[in-house]
Amino acid sequence: MNSPAAERARYDRATAHLDAPLAIVDLEAFDANADDLVRRAGGKPVRVASKSVRCRDLLERVLARPGFAGIMSYTLAESLWLARSGFEDVLLAYPSADRAGFGELANDAKLAAAVTVMVDDQAQLELIDAARDGGAEEIRVCLELDTALRLLGGRVRVGARRSPLREPAQLAALARAVAARPGFRVVGLMAYEGHVAGVGDALAGRPLRSRAIRLMQGAARRELAARRAAVVAAVREVVPDLEFVNGGGTGSVQQTAAEDAVTEIAAGSGLYVPRLFDNYTSFSGRPAALFAQPVVRRPGVGVVTVLGGGYPASGAAGPDRLPVPYLPQGLRYDPQEGAGEVQTPLLGSPADDLLIGDRVWFRHAKAGELCERFDTLHLVEGDRVTGSVPTYRGEGRTFL
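Rules behind the numbers
Residues numbered from 1 in each chain as written. Predicted model: local features only at pLDDT ≥ 70, side-chain atom pairs only at ≥ 80, totals over all residues. Heavy atoms only, no water. Helix = DSSP H or I, 4+ residues; strand = E, 2+ residues; numbered from the N terminus. Rg over C-alpha atoms; globule rule 2.2 N^0.38 Å. Contact = heavy atoms within 4.5 Å. Areas by Shrake-Rupley, 256 points an atom, 1.4 Å probe, with all protein chains shown as cover. Buried < 20%, exposed > 50% of the residue type's maximum accessible area, 1.4 Å probe, protein only. Pairing = 2+ DSSP bridges. Axes fitted to C-alpha atoms, helices over the stretch in contact; angles between N-to-C directions. Parallel < 35°, antiparallel > 145°, perpendicular 65-115°, else oblique. Left-handed = near helix turned anticlockwise from the far one by under 90°. Core = buried A, V, L, I, M, F, W, Y, C linked by side-chain atoms within 4.5 Å. Phe/Tyr/Trp six-rings, centres within 6.5 Å; stacked < 30°, edge-to-face > 60°. Expected span 1.5 Å × (residues − 1). Salt bridge = Lys/Arg side-chain N within 4 Å of Asp/Glu carboxyl O. Nonpolar A, V, L, I, M, F, W, Y, C, P; charged D, E, K, R; others polar.

> Explain the overall build of the chain residue by residue, including any values.
Counting secondary structure elements, the chain contains 12 helices and 19 strands. For the chain, the C-alpha radius of gyration of 22 Å lies close to 21 Å, the compact-globule estimate for 400 residues. If you line up the chain on its principal axes, its C-alpha atoms span 70 × 50 × 35 Å. The contacts in the chain between residues at least 6 apart in sequence include a share of 69% that link residues at least 24 apart. Total accessible area computed for the chain in this model is approximately 16,800 Å², and 51% of it derives from carbon and sulfur atoms.

> Give me the pairing of strand β13 (residues 303-307): which residues, what numbers.
Burial analysis of β13 places four of its five residues in the buried class, the great majority of the element. In this sheet, β13 lies alongside strand β12 (residues 289-300) in antiparallel orientation, the contact comprising three bridges. Within β13, the position partnered with G300 by the bridge is V303. Looking at chain direction, β13 and strand β16 (residues 343-347) are connected through five bridges and run antiparallel. Note that in β16 the partner of V306 across the bridge is T344.

> Break down the packing of helix α2 (residues 27-41) against helix α3 (residues 56-63) for me, citing the residues and quoting the values.
In the contact formed by α2 and α3, the axes pass within 11 Å of each other and the chain directions differ by 45 degrees. By the angle between their directions, the pair α2 and α3 is classed as oblique. Considering the relative orientation of α2 and α3, their crossing is right-handed. Two secondary-structure elements touch here, α2 through L27, F30, D31 and A34 and α3 through L58, R61 and V62.

> Give a detailed account of the nonpolar core, specifying residues and quantitative values.
Within the largest apolar cluster, 91 residues are counted, with the highest numbers of intra-cluster contacts made by L58 and Y272. Of all the elements, α2 adds the most residues to this core, at six residues. Counting 13 residues, the second-largest nonpolar core is a separate cluster that includes L22, I24, V380 and V385.

> Any chance you could break down the environment of A23 for me, citing the residues and the numbers?
Mapping A23 onto the fold places it in strand β1 (residues 22-26). Looking at A23, the relative accessible area reads 0%, which means it is buried. Those residues within four positions of A23 in sequence are excluded, and the remaining contacts are L290, F291, F374, T376, L377 and H378.

> Break down the packing of aromatic side chains for me, citing the residues and quoting the values.
Going through the model one piece at a time under the given rule, you end up with 10 aromatic pairs. Ring geometry for F291 versus Y311: centroids 5.1 Å apart, planes at 50 degrees, classification tilted. Of this pair, F291 sits in strand β12 while Y311 sits in the loop between β13 and β14 (324-327), and the two are 20 residues apart along the sequence. Residue Y311 is classed as buried on the basis of its relative accessible area of 10%. Taken together, a centroid distance of 5.6 Å and an interplanar angle of 85 degrees make the contact between Y392 and F399 edge-to-face. Here Y392 matches F399 in class, with each residue buried.

> Describe in detail the sheet that holds strand β2 (residues 46-49), supporting the description with residues and values.
Spatially, β2-β3-β4-β5-β6-β9-β10-β11 is the arrangement adopted by the eight strands of the closed barrel, whose pairing is parallel. Neighbour to neighbour, the strand axes of the sheet diverge by 30 degrees on average, direction disregarded. Where β2 and strand β11 (residues 264-267) come together, three bridges link them in parallel fashion. Bridge pairing in β11 places R47 opposite A266.

> Give a description of unusual backbone geometry that names residues and reports values.
Residue A20 is joined to P21 through a cis peptide bond whose omega torsion reads 5 degrees. By secondary structure assignment, the location of P21 is in the loop between α1 (4-14) and β1. In this structure, P328 follows L327 across a cis peptide bond, with omega equal to 0 degrees. With respect to the helices and strands, the residue P328 is situated in the loop between β14 and β15 (332-333). Phi at R54 is positive, roughly 50 degrees, even though this residue is not glycine. Tracing the chain through its elements places R54 in the loop between β2 and α3. Phi angles above zero are rare outside glycine, and D133 is one such case at about 55 degrees. On the secondary structure map, D133 appears in the loop between α7 (122-130) and β6 (139-144). By relative accessible area, which is 68% here, D133 ends up exposed.

> Kindly report on helix α8 (residues 168-179), identifying the contributing residues and their values.
For α8, which comprises 12 residues, the first-to-last C-alpha distance of 16 Å matches the rise-based estimate of 16 Å (1.5 Å per residue) to within 8%. When α8 is considered as a whole, its buried residues turn out to be L171, A172, L174, A175, A177 and V178.

> Quick rundown of the pattern of salt bridges? Include the residues and the values.
In the structure shown here, the tally under the stated rule is 30 salt bridges. One network of salt bridges, in which partners are shared, links D146, R166, E167, E223 and R227.

> Which residues make up the packing of helix α4 (residues 76-84) against helix α5 (residues 99-106), and what are the values?
Look at α4 against α5: their axes get within 9 Å of each other, and the N-to-C directions meet at 35 degrees. Where α4 crosses over α5, the handedness of that crossing is left-handed. Contacts between α4 and α5 involve L76, L80 and R84 from the former and G101, F102, E104 and L105 from the latter. Class assignment of the residues belonging to the contact of α4 with α5 gives a composition of four nonpolar, one polar and two charged.

Keep in mind these values describe shape, not function.
This is the structure we're talking about:
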């Protein structure tokens, strides 16, 4: 990887013929990150989380590489769109209440064979049945396990509030309920340990908190590995031909892949490597997705103003949800204004070397959310743009 100054010069040269704001994906970094995910998965296939990519061309690119298989989608409408586009293995990672979408799924053999829906409650099965609109296609079902770490008798919970299903008996009972209901078939099990895969354990300038996170994650991995194995065994007693057990995320690929019970790994953010994935001891990636904002004002010494840039990420609000000024290095937000909707002042000595029309390159806090702001990703190889591809937004698709 080149020095920051050399990278900035390369990106500026590559996009000199384009007007900012604009977004790029560095294909060399993207491919290197893909190789790293496969290496860490240790021979188990990596299912690509589409919400972290949100670009069909790049989904096709990564799925053409050895070691990747299938998509993990985030809405039913997206799942159906991808299946119609030719993707043959789409796992919907979240339960849905899209009645029209379920009607389409139940009435189309190709879609029903390609899409697997997420279930953690019998009421979801009832909703799907009520939405069938006469469709009799068998619905492929994946059950979700709650992965949260519970301490002090359950009074302390660490992890996302997702599935209500926690114990082997609960998952087995739902598997039996699905098996007893005509028109459904359990094919998989998913357990996403976001408190391990999505939380950095090496926070700059915070050694005590970093150590506490590592201790928590170590305990969470041990507890979940034992419980996940027991859950898989219980579900396999009901569904001996279970097709897959999905787990993990970018931040926990190698640890989750080491579990015998897990058959495939989910990852997506590790392809773009947004800023929230800088703080891990277990891996390091190359920033592949960037966006540039043009300098439009020079209000004074040590200050420039760029157009737009207020692209906060989802999650608990805080400074870590903001994009970070990346190139040139040394710029920071004005604490009184932050990242603005239509303009963003940036402070620091590098500002004095920037002229009107120059670019400041940013990294988004999260991966695919960048694509909700831009309709095109310009693909950079070396110091040239070798292609431009639409994001979901560029194809007129905004699923959430």
